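Descriptive structure summary
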Amino acid sequence: MADAPDALPRGCVRAFKTKSGQFVRCGSRVRSSCPSCAELYRGDWAAIARSGVFDARVERFRFYLLTLTAPSFGRVHRVPRSAGGRLKRCGCGSTHGAADAGLRGVPLDPSRYDYAGQVAWNRDAGVLWDRTRRRLRDRWVTGEFFLVREWQDRGVLHLHVLVRVAREEAPDARALREAARTAEAASPVDGTIVAWGEQVDAKVFRADGDAARTIWYLSKALNYVMKDTALAAMDGRGSNLAWVHLTELGRAARMMRCSVDCVPGECPSRVHDRYGSRSHVVSASRQTLTRSGWSFSGLTRGRQRLARAAWAQAQETKEPAPPSGEQQQDARAALVLLTRRIDVARMAVLP
Ligand SMILES: [Zn+2]
Ligand SMILES: [Zn+2]
Ligand SMILES: [Zn+2]
């Protein structure tokens, strides 16, 4: 859905006019389509992430960063992310340096790689997360979550989750990790058991500079997921081999998730661009009658849109009528949002 009119509609490169003559944003979250709307999307989610840490008495909670990774579908080349790290020997026999970035995530033996298994895992990762979240809540009833799904180079989803638990029942990081790592789900499509891989990690973070750094890290992951597919996320360092790998994965996704006569480039379904996944890239647990949800202040993207619309309208009206209670609340929310934007911008310059 498109955004409500914004204070700066000119920022949007594809704004369109509604029947009532108002300009609305295109609402894209893909930076290459519209940098302004994509930035708004990132900023909105970063504000929601922060409002689950800083908008309450933080000493009452413990915070964790949980990382969940898919299992292996075949061995891939190991290429270090940055120069200077300790180099490990790759399964292909050589020791790669940063110059081999185009090999990162490429199978050692494409003929034996489990493409169908990987597409099925991407497809069922949403159900697996749902089971994992329920399991964590069965043990720690106060658990709330903020989740970013990122693409790994091999074309599989990878989850970063901020977890918050009330201090009186908060486990140590190891117990949280174990409860998450051992969660399983049955695929709703074919009944096979879906599970996480070995690389599952949980860390406690403090709600001070530590939290700012953790959210900055997540905000970076948000930038990355906004490129939307692993192929685009490779930023031009995609080699021929990586391209062949992801094309093969896309083909498997088309066969399994779309129809045999789907034409690449013409088919409107995004499911094969996303290697089988239909999950949202970012999500947060929502407020209910009995729960606060992730955001203590009940911040959602819908509310953020309303706040922007209210602010834009207030700018247009020269002699505003006395604001209603709801409008006052919206205006306050807009102000909080603006302050957070500045905070987020400041965080972007942290090391
Ligand atoms: Zn736009
Ligand atoms: Zn290698
Ligand atoms: Zn298709």
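Look up a bit, the structure's there.
This write-up is about the structure you can find in this document.

Rules and cut-offs
Residues numbered from 1 in each chain as written. Chains lettered and ligands numbered in written order. Predicted model: local features only at pLDDT ≥ 70, side-chain atom pairs only at ≥ 80, totals over all residues. Heavy atoms only, no water. Core = buried A, V, L, I, M, F, W, Y, C linked by side-chain atoms within 4.5 Å. Buried < 20%, exposed > 50% of the residue type's maximum accessible area, 1.4 Å probe, protein only. Helix = DSSP H or I, 4+ residues; strand = E, 2+ residues; numbered from the N terminus. Pairing = 2+ DSSP bridges. Donors = N, O, S within 2.8 Å, 3.2 Å for Na, K, Ca; no water. Tetrahedral: all angles 85-135°; square planar, octahedral: opposite > 155°, others 65-115°. Expected span 1.5 Å × (residues − 1). Polar contact = N/O pair within 3.5 Å; in protein donor to acceptor, adjacent residues only side chain to side chain. Contact = heavy atoms within 4.5 Å. Axes fitted to C-alpha atoms, helices over the stretch in contact; angles between N-to-C directions. Parallel < 35°, antiparallel > 145°, perpendicular 65-115°, else oblique. Left-handed = near helix turned anticlockwise from the far one by under 90°. Nonpolar A, V, L, I, M, F, W, Y, C, P; charged D, E, K, R; others polar. Salt bridge = Lys/Arg side-chain N within 4 Å of Asp/Glu carboxyl O.

Among the nonpolar cores identified, the biggest contains 39 residues, and Leu66, Leu68, Trp121, Leu136, Val161, Val163 and Trp196 are the most heavily contacted of them. For this core, the leading source of residues is helix H2 (residues 115–139), giving seven residues. Judged by nonpolar contacts, the second largest core, of 22 residues, contains Leu218, Ala284, Trp294 and Leu299.

Okay, the pairing of strand E5 (residues 157–166) next. Counting buried positions along E5 yields ten of ten residues, so the element is predominantly enclosed. The alternating pattern of E5 places Leu157, Leu159, Val161, Val163 and Val165 on one face and His158, His160, Leu162, Arg164 and Ala166 on the opposite face, and all of these are buried. Two strands pair when backbone bridges link them, and strand E3 (residues 61–69) and E5 are joined in this way by nine bridges, in the antiparallel orientation. Considered in E5, the bridge of arginine 62 is made with valine 165. In the sheet, strand E4 (residues 144–151) pairs with E5 via eight bridges, with the strands oriented antiparallel.

Turning to the coordination of the zinc ion (ligand 1), a few remarks are in order. Taken together, the protein donors to the zinc ion (ligand 1) comprise Cys12 (SG), Cys26 (SG), Cys34 (SG) and Cys37 (SG), at separations of 2.2 to 2.3 Å. Because the angles between the four donor atoms bound to the zinc ion (ligand 1) fall within 104 to 114°, the donor set is best described as tetrahedral. In the primary sequence, the donor residues of the zinc ion (ligand 1) line up as C-x13-C-x7-C-x2-C. The pair formed by cysteine 26 and cysteine 34 is uniform in burial state, with each residue classed as buried.

Glancing now at the coordination of the zinc ion (ligand 2). The protein atoms that coordinate the zinc ion (ligand 2) are His77 (ND1), Cys90 (SG), Cys92 (SG) and His96 (NE2), at distances spanning 2.0 to 2.3 Å. Here the zinc ion (ligand 2) is ringed by four donor atoms whose angles at the metal span 105 to 115°, and the overall shape comes out tetrahedral. Taken in chain order, the donor set of the zinc ion (ligand 2) reads H-x12-C-x1-C-x3-H. Among the residues examined, cysteine 92 registers a relative accessible area of 39% and is labelled partly exposed.

The first and last C-alpha atoms of helix H6 (residues 240–257) sit 25 Å apart over 18 residues, in line with the 26 Å expected at 1.5 Å per residue. Three or more residues of H6 are buried, namely Ala242, His245, Leu246, Leu249, Gly250, Ala252, Ala253 and Arg254.

This part is about the side chain of asparagine 122. Its place among the elements puts asparagine 122 in helix H2. Judged by relative accessible area, which is 0%, asparagine 122 ranks as buried. A polar contact of 3.1 Å, which involves the side chain of asparagine 122, links it to the backbone nitrogen of leucine 157. Here asparagine 122 is in contact with Trp151, Gly155, Val156, Leu157, Arg274, Tyr275, Gly276 and Ser277, once residues within four sequence places are set aside.

With that settled, consider the packing of H2 against helix H3 (residues 173–181). In contact at an axis separation of 9 Å, H2 and H3 are set at 135° when each is read in the N-to-C sense. Of the possible angle classes, the one that applies to H2 and H3 is oblique. Relative to H3, the crossing made by H2 is right-handed. Here Thr132, Arg135, Leu136 and Arg139 of H2 come into contact with H3, specifically with Leu176, Glu178, Ala179 and Ala180. In the contact of H2 with H3, the residues fall into four nonpolar, one polar and three charged.

Relative to the elements of secondary structure, leucine 87 occurs in the loop between E3 and H2. For leucine 87, a relative accessible area of 46% corresponds to the partly exposed category. Linking leucine 87 and alanine 98, residues eleven residues apart in sequence, is a C-alpha distance of 9.9 Å. Setting aside chain neighbours within four positions, we find leucine 87 in contact with Pro80, Thr95 and His96.

Applying the stated criterion across every chain, the model contains 13 salt bridges. The salt bridge involving arginine 308 is made with aspartate 44; its shortest N-O contact spans 3.1 Å. Of this pair, arginine 308 sits in helix H7 (residues 301–316) while aspartate 44 sits in helix H1 (residues 35–51), and the two are 264 residues apart along the sequence. Using a relative accessible area of 8% as the deciding quantity, one classes arginine 308 as buried. Residue classification places aspartate 44 among the buried residues on the basis of a relative accessible area of 0%. With its nearest N and O atoms 2.5 Å apart, the salt bridge here joins arginine 133 to aspartate 130. One end of the pair is arginine 133 and the other is aspartate 130, both in helix H2 and three residues apart, which spans about a single turn.

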